[in-house]
Amino acid sequence: MNDFFQKDIISIRDLDKQKLETIFKATDKVINLDPNQRREIARGKTLGYLFFEPSTRTRLSFEAAMASVGGTSLGIADVTSSSTQKGESLADTVKIMSIYSDVLVLRHSLDGSSRFAAEISSEPIINAGSGTEEHPTQAIQDLYTIKNIKKKIDGLKIGIVGDLKYGRTVYSLLQGLGNYDVNVSLISPEPLKIRSDSVYEIKKRLDFSETTNLEDVIDELDVVYVTRIQKERFPDEEEYIKVKGSYVIGLDLLKKMKDDAIIMHPLPRLDEISTEVDKTPQAKYFQQAKFGKYTRAALLGLILNENGF
Ligand code: NCD
């Protein structure tokens, strides 16, 4: 039986290097399979999604992933149109969804929401982003992107830029990187520094330094992972205005980067990467979004098939 069969994916902390590598191998297989064979992986299965926060890529990539492995998707992309508005509890909504689906995908603003849902659901839960700490499938996609393009993860210098305080993709990525021998530079304006309590454990496993000056480190980085300033998570809009536009990657900054460095972003992008960068060979964020579909298809294949695929 494969390790992922009928298992929840709640936190990247639950995935060690061996499990991550299993997903990466399965992703390579998904990419290389003939489309007809690929559609056998989850034929007749249903993915149910519940999004209590906005999403474009994560939800669509799950739907596209499920379609590519032969399954179907149903769900609620905007809870304002569901019975939650009539007062239905998260517990009941999850229970109902698990009646109609073989695997559930949940996004919610509260930390712990996916773990709570997993206790209620009879079917496996995949966390598609909870609170400000966890976004495990994004981290899988990010690590796979690095591995696929750079051909390795160990030995790389990785810069994570932007909103390190509220960006959940950052926390999940750091946890994932803790399985590898990498050097991490955390680059943010002072008010958006990483929450030290949340990285207390990972600090013991990961070699990282912090700076506010991107130009100080940009020429050393193999990967520049840019994030959006999470306006909606600021308690006070005045505070957002102070840090808005702190870093913008444009062609001038790109010239200072290593020729083979890559620029990643979980997207959506606001103004932190100029659109003129999109055509450069270093820009990999759209490819990263594409890998999101394949890594999720691989994960669904592993969760839904006892002996893998
Ligand atoms: C991220 C998220 O929701 O945390 N988006 C995503 O899933 N690609 C990042 C963000 O919203 O900035």
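Here the structure is shown first, and the text comes after it.
All of these numbers come straight from a predicted model, not from anything done at the bench.

A. Representation of the side chain of Arg59. With respect to the helices, strands and loops of the structure, Arg59 is situated in helix H3 (residues 57-68). With sequence-adjacent residues up to four places away left out, Arg59 is seen in contact with Tyr49, Phe51 and Ala77.

B. Just the sheet that holds strand E3 (residues 103-108), in detail. Within the open sheet, the 4 strands sit side by side as E2-E1-E3-E4. Their pairing is parallel. This sheet does not close on itself; its edge strands, each paired only once, are strand E2 (72-76) and strand E4 (125-130). With strand direction ignored, the average angle separating the axes of adjacent strands in the sheet is 15°. By the bridge criterion, 5 bridges tie strand E1 (residues 46-51) to E2 in an arrangement that is parallel. Residue pairing for E2: Leu50 is matched across the bridge by Ile76. Taken strand by strand, H3 contacts E1, E2, E3 and E4, and its axis lies near 175° from that of E1.

C. Highlighting the nonpolar core. Membership of the largest hydrophobic core comes to 60 residues, with the highest contact counts inside it found for Ile160, Leu174, Leu177 and Val184. For this core, the leading source of residues is helix H11 (residues 285-304), giving 9 residues. Two domains share this core, each providing at least three of its residues, namely domain 1 (12-134 + 291-304) and domain 2 (136-289). Setting aside its immediate chain neighbours within four residues, Val184 contacts Ile158, Ile160, Leu174, Leu177, Leu206, Asp207, Phe208 and Ser209.

D. Region of the structure containing H3. The end-to-end C-alpha distance of H3 is 15 Å, a good match for the 16 Å that 12 residues give at a rise of 1.5 Å each. Residue Gly70 follows H3 closely and has a positive phi angle near 90°.

E. Broad picture of the site of the ligand. All residues adjacent to the ligand are Thr58, Arg107, His135, Gln138, Arg168, Thr169, Arg228, Gln230, Pro266, Leu267 and Pro268. For the ligand, an oxygen atom lies 2.7 Å from a polar atom in the side chain of Gln230. In isolation the ligand has 320 Å² of accessible area, and contact with the protein removes 93% of it. Taken together, the residues that form the shell around the ligand break down as 3 nonpolar, 5 polar and 3 charged.

F. The environment of Pro191, seen in detail. Among the structural elements, Pro191 can be located in the loop between strand E6 (183-187) and strand E7 (207-211). In this structure, the C-alpha to C-alpha distance between Pro191 and Leu206, residues 15 residues apart in sequence, is 22 Å. When near neighbours in sequence (up to four residues on either side) are disregarded, Pro191 contacts Lys165 and Val243.

G. How the structure looks around the pattern of salt bridges. Taken as a whole, this structure holds 20 salt bridges when the rule is applied. Between Glu190 and Lys193 there is a salt bridge whose closest N-O contact spans 3.7 Å. For Lys258, the salt bridge identified is with Asp222, shortest N-O distance 2.8 Å. In this pair, Lys258 sits in the loop between helix H10 (251-254) and strand E9 (262-264) while Asp222 sits in the loop between helix H8 (214-217) and strand E8 (223-226), placing the two residues 36 residues apart along the sequence. The class for Lys258 is partly exposed, based on a relative accessible area of 31%. Judged by relative accessible area, Asp222 falls into the buried class, the value being 8%. Overlapping salt bridges bring together Arg13, Glu133, Glu134 and Arg195 as one network.

H. Representation of the sheet that holds strand E5 (residues 157-161) within the structure. Judged by pairing direction, the sheet is parallel, and its 5 strands sit side by side in the order E7-E6-E5-E8-E9 without closing on themselves. Each having just a single partner strand, E7 and E9 make up the two edges of the open sheet. Strand-to-strand twist of the sheet, defined as the mean angle between neighbouring strand axes without regard to direction, takes the value 20°. The pairing of E8 with E9 spans 3 bridges and is classified as parallel. When the bridges of E9 are listed, Tyr225 appears paired with Met264. Here helix H6 (residues 136-150) sits on the sheet in contact with E5, E8 and E9, set at roughly 165° to E9.

I. View of the environment of Thr275. Within the element layout of this structure, Thr275 appears in the loop between E9 and H11. Judged by relative accessible area, Thr275 falls into the exposed class, the value being 58%. Distance in space between the C-alpha atoms of Thr275 and Gly250 is 8.1 Å, their sequence separation being 25 residues.

What counts, and where the lines are drawn
- Residues numbered from 1 in each chain as written.
- Predicted model: local features only at pLDDT ≥ 70, side-chain atom pairs only at ≥ 80, totals over all residues.
- Heavy atoms only, no water.
- Helix = DSSP H or I, 4+ residues; strand = E, 2+ residues; numbered from the N terminus.
- Contact = heavy atoms within 4.5 Å.
- Pairing = 2+ DSSP bridges.
- Axes fitted to C-alpha atoms, helices over the stretch in contact; angles between N-to-C directions.
- Core = buried A, V, L, I, M, F, W, Y, C linked by side-chain atoms within 4.5 Å.
- Buried < 20%, exposed > 50% of the residue type's maximum accessible area, 1.4 Å probe, protein only.
- Domains from an automatic or database assignment.
- Expected span 1.5 Å × (residues − 1).
- Near = heavy atom within 4 Å.
- Polar contact = N/O pair within 3.5 Å; in protein donor to acceptor, adjacent residues only side chain to side chain.
- Areas by Shrake-Rupley, 256 points an atom, 1.4 Å probe, with all protein chains shown as cover.
- Nonpolar A, V, L, I, M, F, W, Y, C, P; charged D, E, K, R; others polar.
- Salt bridge = Lys/Arg side-chain N within 4 Å of Asp/Glu carboxyl O.

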